[in-house]
Amino acid sequence: MAAPQDVHVRICNQEIVKFDLEVKALIQDIRDCSGPLSALTELNTQVKEKFQQLRHRIQELEQSAKEQDKESEKQVLLQEVENHKKQMLRKTTKESLAQTSSAITESLMGISRMMSQQVQQSEEAVQTLVSSSRTLLDANEEFKSMSGTIQLGRKLITKYNRRELTDKLLIFLALALFLATVLYIVKKRLFPFL
């Protein structure tokens, strides 16, 4: 029958292998993740949790190795612990790369949002320019229409001024003719012999 210490060592080893596989799977998920940022952040959090559990199990295995009675078993277990630590160190590098990737993705998404805002502001500016252009075109058309009306008014005033002069001349001639007729009639009635 296996000693309780051996059972504990076996369980620690199994859990270390399990956590190691889970970390590898999560790192692959991070590589395959195309967004959104919240999903990438969640995967990073899960990787950190698994690393903590992995460290804890490696520490338990190391403690169990130190408690071994036989020096040969102790050395074998300590060698296993050392191997697990080396593997964990390599995965920690991958974790930091994943965090860097996450930070870069977040930065790129921020730049993308800023560019989107700039495009929206540019579209609004173009709309404002189009609206201003329409207003200017309408004002120009109105100015042309008013200019035509002013020119027509000027022609009418000039025509009325000429007509007024003609009317004054005609009135003067009619008055002169009337006076001449009155004088002729008075002359014939009062001085018929002349």
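Residues numbered from 1 in each chain as written. Predicted model: local features only at pLDDT ≥ 70, side-chain atom pairs only at ≥ 80, totals over all residues. Heavy atoms only, no water.

Chemist: Teacher, can you tell me more about the nonpolar core here?
Modeler: One broad trend across soluble globular proteins is that nonpolar side chains are buried collectively. Within the largest apolar cluster, 19 residues are counted, with the highest numbers of intra-cluster contacts made by Leu54, Ile58 and Leu61. Sorting the residues of this core by element identifies helix H1 (4-32), helix H2 (37-66) and helix H3 (71-190) as the ones contributing at least two each. Contacts of leucine 61, omitting those with residues within four sequence positions, involve Val9, Cys12, Asn13, Ile16, Leu77, Glu80, Val81 and His84. (Core = buried A, V, L, I, M, F, W, Y, C linked by side-chain atoms within 4.5 Å. Buried < 20%, exposed > 50% of the residue type's maximum accessible area, 1.4 Å probe, protein only. Helix = DSSP H or I, 4+ residues; strand = E, 2+ residues; numbered from the N terminus. Contact = heavy atoms within 4.5 Å.)

Chemist: Just checking my understanding: could you explain the pattern of salt bridges for this structure?
Modeler: Pairing between side chains becomes possible if they bear opposite charge and their charged atoms approach one another. Under the definition given, this model contains two salt bridges. We note a salt bridge from glutamate 60 to arginine 57, for which the minimum N-O separation is 2.7 Å. With a gap of three residues between them, glutamate 60 and arginine 57 both fall in helix H2, about one helical turn apart. Look at arginine 57 and you get buried, because its relative accessible area is 19%. Notably, a salt bridge pairs glutamate 164 with lysine 168, separated by 3.7 Å at the nearest N-O pair. Note that glutamate 164 and lysine 168 are positioned in helix H3 at a spacing of four residues, about one turn of the helix. (Salt bridge = Lys/Arg side-chain N within 4 Å of Asp/Glu carboxyl O.)

Chemist: Sorry if this is basic, but what is going on with the environment of glutamate 42 here?
Modeler: By the element assignment, glutamate 42 lies in helix H2. On the basis of relative accessibility, which here comes to 44%, the residue glutamate 42 falls in the partly exposed class.

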